[in-house]
Amino acid sequence: MDDSTNIFTTGDEETANQQERLLPIANVGRIMKQILPHNAKISKEAKETMQECASEFISFVTGEASEKCKKERRKTVNGDDVCWAMGTLGFDDYAPPLKRYLDRYREVEGDRSGASQRNEDEGGPSSSSAKFNPTSKPF
């Protein structure tokens, strides 16, 4: 029997599949450290727990946004869909700040692409001085 037709997965395959759906643990730890006092430590268990929670939360919100897109016969989930899903799922305190953050992101990206196009038309460099800081807190 060919291994590709085997309906059972090995423990290694299952672990690999789970790791693919999780955020990188180093990124999770870095985000957690940003909010803690300088000398605080975070256990491996705490990082792994947060990694699982954050990944599950992303899946939960994205799933709701995806359902909206399916009903509207669209294939692409966008930022407005994510904000809508947050509100629909009861995260009302987060949806408006995320919408403001999304609007600001689009504003800066619009400025950047407009400046990029103008510079290219003028034969100049395509980079813009407008920068969007994804680490700024919308809340």
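Up top is the structure these notes are about.
Bear in mind the structure is a predicted one, so any value in this text is a computation, not a measurement. The numbers attached to residues start from 1 for each chain and follow its sequence in the written order. Residue-level local features of this predicted model are given only where pLDDT is at least 70; pairs of side-chain atoms are given and counted only at 80 or more, and the full residue set underlies all totals for whole chains, interfaces and linings. To get the side-chain values, all heavy atoms of the structure are used, and hydrogens and water are removed first.

Chemist: How would you summarise the overall build of the protein chain if you had to cite specific residues and measurements?
Modeler: Secondary structure counts use DSSP, requiring at least four H or I residues in a row for a helix and at least two E residues in a row for a strand, with both numbered from the N terminus. A count of helices and strands for the protein chain gives five helices and zero strands. For the protein chain, the α and β elements follow one another from N to C terminus as α-α-α-α-α. By definition, residues are in contact when any of their heavy atoms lie within 4.5 Å. Taking as baseline every contact in the protein chain between residues at least 6 positions apart, the subset at least 24 positions apart corresponds to 41%. Here the protein chain displays about 10,700 Å² of accessible surface, and carbon together with sulfur accounts for 54% of that area. Per-residue accessibility takes into account occlusion by the displayed protein chains alone, with areas from the Shrake-Rupley method and a 1.4 Å probe.

Chemist: Describe helix 3 (residues 44–71), naming the residues involved and giving the relevant values.
Modeler: Expected helix span is given by 1.5 Å per residue-to-residue step, counting one fewer step than there are residues. Given a rise of 1.5 Å per residue, 28 residues ought to cover 40 Å, and the 41 Å separating the end C-alpha atoms of helix 3 matches this to within 8%. Only protein chains enter the accessibility calculation, which uses a 1.4 Å probe; a residue whose area is less than 20% of its type maximum is buried, one above 50% is exposed, and one in between is partly exposed. When helix 3 is considered as a whole, its buried residues turn out to be Gln51, Ser55, Val61, Ala65, Lys68 and Cys69. With its phi angle positive at about 55 degrees, Arg73 sits one or two positions after the end of helix 3.

Chemist: Please provide a residue-by-residue account of the packing of helix 2 (residues 25–35) against helix 3, values included.
Modeler: Look at helix 2 against helix 3: their axes get within 9 Å of each other, and the N-to-C directions meet at 105 degrees. Comparing their axes, helix 3 and helix 2 come out roughly perpendicular. On helix 3, the residues touching Ile25, Val28, Gly29 and Met32 of helix 2 are Ala46, Lys47, Glu48, Met50 and Gln51. Tallied by class, residues from the contact of helix 2 with helix 3 come to five nonpolar, two polar and two charged. Fitted lines through C-alpha atoms give the axes, limited to the stretch in contact for helices. The angle between two N-to-C directions lies from 0 to 180 degrees. Geometric relationships in this document are graded by angle, where less than 35 degrees denotes roughly parallel, more than 145 denotes roughly antiparallel, 65 to 115 denotes roughly perpendicular, and other angles denote oblique. Note on residue categories: nonpolar means Ala, Val, Leu, Ile, Met, Phe, Trp, Tyr, Cys or Pro, charged means Asp, Glu, Lys or Arg, and polar means any other residue, Gly included.

Chemist: Tell me about the packing of aromatic side chains, and name the residues and values.
Modeler: For Phe, Tyr and Trp, where Trp contributes only its six-membered ring, two rings pair if their centres lie within 6.5 Å, and the inter-plane angle classes them as stacked under 30 degrees, edge-to-face over 60, or tilted in between. If you walk through the whole model with that rule in mind, you get one aromatic pair. Ring geometry for Phe57 against Phe91: centres 5.1 Å apart, planes inclined by 85 degrees, an arrangement best described as edge-to-face. Of this pair, Phe57 sits in helix 3 while Phe91 sits in the loop between helix 4 (79–88) and helix 5 (95–121); the two residues are 34 residues apart in sequence, bridging distant segments of the chain. In this structure Phe91 comes out as partly exposed when scored by relative accessible area, which is 24%. Any Lys NZ or Arg CZ that is within 6 Å of a ring centre and within 35 degrees of that ring's normal is treated as a charge sitting over the ring. The ring of Trp84 carries Lys68 above its face, with NZ or CZ at 5.6 Å from the centroid.

Chemist: Would you mind going over helix 4 in detail, with residue names and values included?
Modeler: For helix 4, the complete set of buried residues consists of Asp81, Cys83, Ala85 and Met86. Looking one or two residues past helix 4, Gly90 carries a phi angle of roughly 95 degrees, positive in sign.

Chemist: Provide a residue-level description of the side chain of Ser55, including the pertinent values.
Modeler: With respect to the helices and strands, Ser55 occurs in helix 3. On the basis of relative accessibility, which here comes to 2%, the residue Ser55 falls in the buried class. For Ser55, the side chain forms a polar contact with the main-chain oxygen of Gln51, separated by 2.9 Å. When near neighbours in sequence (up to four residues on either side) are disregarded, Ser55 contacts Arg21, Leu22 and Leu23. Counting of polar contacts relies on pairs of N or O atoms within 3.5 Å, with two restrictions inside protein: one atom must be capable of donating a hydrogen and the other of accepting it, and residues adjacent in sequence are counted only when both atoms are side-chain atoms.

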